[in-house]
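Each chain, written out:
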Amino acid sequence: VLPVGKMLSEDIMPLMQDPSGQVNADAYSTAQFFSKVCAARTVTGGPSKDGSTYTPLCELCGEASGATSPCAGNQELNPYYDYTGAFRCMDDDSGDVAFVKHTTLEDYNEENGLNKEASNYKLLCNNGCQDYKPENWVKNECKTGESASNAVVAKAGFTTDNALAAAAVKSLLNGGNGNLPKVAAKAINGNKDFFWGMSTDKVKDVTGQDFKNQFFQAYENFKEIRNSDMSTIRVCISKGSEESCRNTLMRAYGSSSLSFECVKVADDADEECLQKVKNQEADVTVVGGNELFAANNQYSLAAIVAESTGTELGDASYYGVALTKRENCQTVDNDNVGGPITGLDGSLKSKKACHTG
């Protein structure tokens, strides 16, 4: 969403309409601009207008070692899915550019037990290739956008005046202990980024916060969470198992006054979890930043606790960035490297692009 929006708005990528009228313009434009794309996963209304997959956005995913279902929003079936998958796609040399978060290299190293150096990768900026470091990724010319981070969402009306809601928020905030994220809630069944991302350094109470930026104006509608007199929080998940989820959350956040039960839907069926919370079949679920718009706009859910990665963005946000390997750049720090890419510009035309889905 973020990189395509920037590239379209800055006329780097031309806006093109699908002649058949079946594919959304952003998806069709992306497939026409790049030679190959990995941007798996479907959501309601996209990339095809009926919510089905659009094969051209999955073509590059099939080049991953072990890929059995290139259009799947699941790293076991499609290793190039999600942020770390998009980075892997570029790092494997399947793709030329990866559109990811500013923290993705850290997450990728943590997830795979690696120590890849930031100096081997460059940010693609409007004014050329620049070093992958904080002072650059905050620049307007080097970021593809700003987005909300992962957040726990619940049905509007579940107010913090309620004892259970207050206990849940306090527990998720680690009892106010510096608002440090519970390490135990970062993985489940060996899968990283269960509740919080591996790079999360704090969690924030956002029950009273308005989320606003140029891409997600609907965030200003987020206010409160749902009323309940239960003593158990029902968590909807789309990965792992109900038993391992419950054990993980009880270990991280459980107490004599607060317990957790988990409701499992089909693998990676995130929107099914949103529907369950809306229907009060579950109390909370965790969504990524790009899903917060749908959570609020389509399901009337509200964010209650969100992660922070220590950026200058303030609470609960991350920068979108475009990364490539150093050798793909034409010049770096006035040195002629000889690669074909001159920055976040028209030189990306006909290149291979790795997106998060």
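Just above sits the structure.
In this report, the structure presented in the accompanying data block is examined. Small disclaimer: the values here were computed from a predicted structure and weren't measured.

All right, on to the packing of aromatic side chains then. Scanning all chains against the criterion turns up 5 aromatic pairs. An aromatic cluster is present here, built from Phe 33, Phe 34 and Phe 99 joined pairwise through their rings. Across the ring face of Tyr 83, the terminal group of Lys 101 is positioned such that the distance to the ring centre comes to 4.8 Å.

The residue His 355 is located in the segment after strand 17 (352-354) in this model. Setting aside residues no more than four positions away along its own chain, His 355 makes contact with Pro 3, Val 4, Thr 30, Phe 34, Val 37, Cys 38, Ala 39, Tyr 80, Ala 86 and Phe 99.

Attention now goes to the state of the cysteines. In the structure shown here, the tally under the stated rule is 7 disulfides. Cys 58 shares a disulfide with Cys 71; S-S distance 2.0 Å. Here the disulfide of Cys 58 and Cys 71 is right-handed, its torsion about the S-S bond being about 115°. With Cys 58 in the loop between strand 1 (36-38) and helix 3 (82-91) and Cys 71 in the loop between strand 1 and helix 3, this pair connects stretches of sequence that are 13 residues apart. When its relative accessible area of 5% is taken as the criterion, Cys 58 is described as buried. Cys 71 gets classed as partly exposed once you look at its relative accessible area, which sits at 22%. A sulfur-sulfur separation of 2.0 Å characterises the disulfide bridge that pairs Cys 245 with Cys 262. Around the S-S axis, the bridge from Cys 245 to Cys 262 shows a dihedral of about -70° and counts as left-handed.

A few words on the packing of helix 3 against helix 4 (residues 104-112). Direction vectors running N to C along helix 3 and helix 4 enclose 90°, while the axes themselves pass 9 Å from each other. As the angle between them shows, helix 3 and helix 4 are arranged roughly perpendicular. For the pair helix 3 and helix 4, the contacting residues are Tyr 83, Thr 84, Phe 87, Arg 88 and Asp 91 in the first and Thr 104, Leu 105, Asp 107, Tyr 108, Glu 111 and Asn 112 in the second. For the contact of helix 3 with helix 4, the per-class residue count stands at 4 nonpolar, 3 polar and 4 charged.

Calculation criteria
Residues numbered from 1 in each chain as written. Predicted model: local features only at pLDDT ≥ 70, side-chain atom pairs only at ≥ 80, totals over all residues. Heavy atoms only, no water. Phe/Tyr/Trp six-rings, centres within 6.5 Å; stacked < 30°, edge-to-face > 60°. Lys NZ or Arg CZ within 6 Å of the ring centre and 35° of its normal. Helix = DSSP H or I, 4+ residues; strand = E, 2+ residues; numbered from the N terminus. Contact = heavy atoms within 4.5 Å. Disulfide = S-S within 2.5 Å. Buried < 20%, exposed > 50% of the residue type's maximum accessible area, 1.4 Å probe, protein only. Axes fitted to C-alpha atoms, helices over the stretch in contact; angles between N-to-C directions. Parallel < 35°, antiparallel > 145°, perpendicular 65-115°, else oblique. Nonpolar A, V, L, I, M, F, W, Y, C, P; charged D, E, K, R; others polar.

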